[in-house]
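Take a look at the letters that make up each chain.
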Amino acid sequence: MKKIFGILILFVCLPVKADITHEYIMTIQVEPSKPNGKSWDRFGGKPDIMLVVENMRYTSVACKNTYRCEMKFTSNAQKWYIEIYDKDLSLHDLIGNGECQLSQNTCTLGQAKVTIR
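No experiment lies behind these values; they were computed from the predicted model shown. (Residues numbered from 1 in each chain as written. Predicted model: local features only at pLDDT ≥ 70, side-chain atom pairs only at ≥ 80, totals over all residues. Heavy atoms only, no water.)

A. Quick look at the sheet that holds strand β4 (residues 68–75). The sheet built from four strands is open, its strands ordered β4-β1-β8-β7 with antiparallel pairing. Every interior strand has two partners, whereas the edge strands, β4 and β7 (107–109), have only one. Taken over all neighbouring pairs, the strand axes of this sheet differ in orientation by 30 degrees on average, direction set aside. Across eight bridges, strand β1 (residues 22–30) lies against β4 in antiparallel orientation. Within β4, the residue paired with Thr27 across the bridge is Glu70. (Pairing = 2+ DSSP bridges. Helix = DSSP H or I, 4+ residues; strand = E, 2+ residues; numbered from the N terminus. Axes fitted to C-alpha atoms, helices over the stretch in contact; angles between N-to-C directions.)

B. A look at unusual backbone geometry. A positive phi is found at Glu54, a non-glycine position, where the angle reads about 50 degrees. Secondary-structure assignment places Glu54 in the loop between β2 (49–53) and β3 (56–58). Residue Glu54 is classed as partly exposed on the basis of its relative accessible area, which comes to 43%. Of note in this structure, Asn55 is not a glycine but carries a positive phi near 70 degrees. On the secondary structure map, Asn55 appears in the loop between β2 and β3. (Buried < 20%, exposed > 50% of the residue type's maximum accessible area, 1.4 Å probe, protein only.)

C. Spotlight on the pattern of salt bridges. Applying the stated criterion to the full structure yields four salt bridges. Linking Glu23 and Lys72 is a salt bridge whose minimum nitrogen-to-oxygen distance equals 3.9 Å. Highlighted residues: Glu23 in strand β1 and Lys72 in strand β4, separated in sequence by 49 residues. Like Lys72, Glu23 is exposed. Residues Asp93 and Lys34 are paired through a salt bridge, measuring 3.4 Å at the closest nitrogen-oxygen approach. Within this pair, whereas Asp93 is found in strand β6 (residues 93–101), its partner Lys34 is found in the loop between β1 and β2, the two being separated by 59 residues in sequence. (Salt bridge = Lys/Arg side-chain N within 4 Å of Asp/Glu carboxyl O.)

D. Geometry of the sheet that holds strand β5 (residues 79–86). Ordered by their spatial adjacency, four strands build an open sheet running β3-β2-β5-β6, and the pairing between neighbours is antiparallel. Strands at the two margins of the open sheet, each flanked by one partner only, are β3 and β6. Geometrically, the sheet is characterised by an average inter-axis angle of 20 degrees between neighbouring strands, direction not taken into account. Pairing analysis gives five bridges linking β2 to β5, with the strands arranged antiparallel. Its bridge partner being in β5, Ile49 is matched across the sheet by Asp86.

Okay, here's the thing in structure tokens:
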């Protein structure tokens, strides 16, 4: 009986950690050219924006051939390491990367500005 009571006390006293996942919307605004002044794609094309948040990759048809788009992502954090790429067939061009947190109005990551809500 003491053993069962001890096990029950153990489960009651253990802290419970609930990871609540939220859905966020990130607005991405990309500069019209690379730092070297060249366009993102051949023949003056716009970038196909790909988002990586904490090693999770996000793409959207609405983010093809555009300088501005919105993407949804899910997370249980309020601070993230973000990478933004121009998605190409072989080698993706890095648009920008760095940390951003929910409390910031806008984060500048290389050639992109992002807002998270």
